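Per-entry structural report
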Amino acid sequence: MLGAAGSSMAAQIFAGSGRDISLDASVIPAYLKPNLELMQKKCSLCHGLDLSFGSIQTGVTPSGVPFEKSGIQSLGVRMLRKPGSDMTTAELKKILELINWLREEITK
Ligand code: HEC
């Protein structure tokens, strides 16, 4: 039952899947909109946002790392440290706040 509720919520936040996944920005509360803008800008420099959205949607990254709080935190730090990542720790913190919020909404 819980699983079914979770997936219906996920369907409201994300449309499509795989490479064609998109986020319905209208479900994002106003206080997190700047965080979404940051994520769209900073997390699409080296790969598509589909990688991040898909991990949020499924709760697991393509390489199989569970996408919950500690997994999200360590992935974020890994991305921050990549050569050419144009991101400050303050910006990463805002992006992780949004990702954690999205995961919570999906698993509610
Ligand atoms: C400077 C380049 C760069 C930036 C900026 C970047 N990434 Fe990545 N990302 C990579 C590379 C390279 C990989 C593949 C190798 C790896 O997993 O470390 C990757 C892989 C990933 C994966 C898949 C990991 C897995 O376990 O399969 C996710 C999810 C991801 N990135 C999310 C993000 C998010 C969220 C942001 C923004 C906070 C971001 N990336 C910003 C370079 C980047």
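Refer to the structure presented above.
Residues numbered from 1 in each chain as written. Predicted model: local features only at pLDDT ≥ 70, side-chain atom pairs only at ≥ 80, totals over all residues.

This paragraph deals with helix H5 (residues 89-107). With 19 residues, H5 should cover 27 Å at 1.5 Å per step; its first-to-last C-alpha distance of 27 Å lies within 8% of that length. Leu92, Ile95, Ile99 and Leu102 are the residues of H5 that are buried. Summarising the axial view, the buried residues of H5 lie within an arc of 85°, below the 170-degree limit, and thus occupy one face. In H5, those exposed residues whose orientation departs by more than 90 degrees from the buried face are Thr89, Ala90 and Glu104. (Helix = DSSP H or I, 4+ residues; strand = E, 2+ residues; numbered from the N terminus. Expected span 1.5 Å × (residues − 1). Buried ≥ 20, exposed ≤ 12 C-beta atoms within 10 Å, placed from the backbone. Arc of directions from axis to C-beta.)

With respect to spatial proximity, 21 residues lie near the ligand, and among them Cys43, Cys46, Thr61, Ser63 and Met79 are the closest. Every element with two or more residues in the shell around the ligand is listed here: helix H3 (49-58), helix H4 (69-80) and H5. Here the shell around the ligand takes four residues from H4, the largest share from any one element. Taken together, the residues of the shell around the ligand sort by class into ten nonpolar, eight polar and three charged. (Near = placed C-beta within 6 Å. Nonpolar A, V, L, I, M, F, W, Y, C, P; charged D, E, K, R; others polar.)

All right, on to the packing of helix H2 (residues 33-42) against H5 then. Contact pair H2 / H5: the axes reach a minimum separation of 9 Å and the direction vectors enclose 110°. Classed by the angle they form, the pair H2 and H5 counts as roughly perpendicular. The two elements H2 and H5 meet at a crossing, and its hand is left-handed. Contacts from Asn35, Leu36, Leu38, Met39 and Lys42 of H2 reach H5 at Glu91, Lys94, Ile95, Glu97 and Leu98. Taken together, the residues of the contact of H2 with H5 break down into five nonpolar, one polar and four charged. (Axes fitted to C-alpha atoms, helices over the stretch in contact; angles between N-to-C directions. Parallel < 35°, antiparallel > 145°, perpendicular 65-115°, else oblique. Left-handed = near helix turned anticlockwise from the far one by under 90°. Contact = placed C-beta atoms within 7 Å.)

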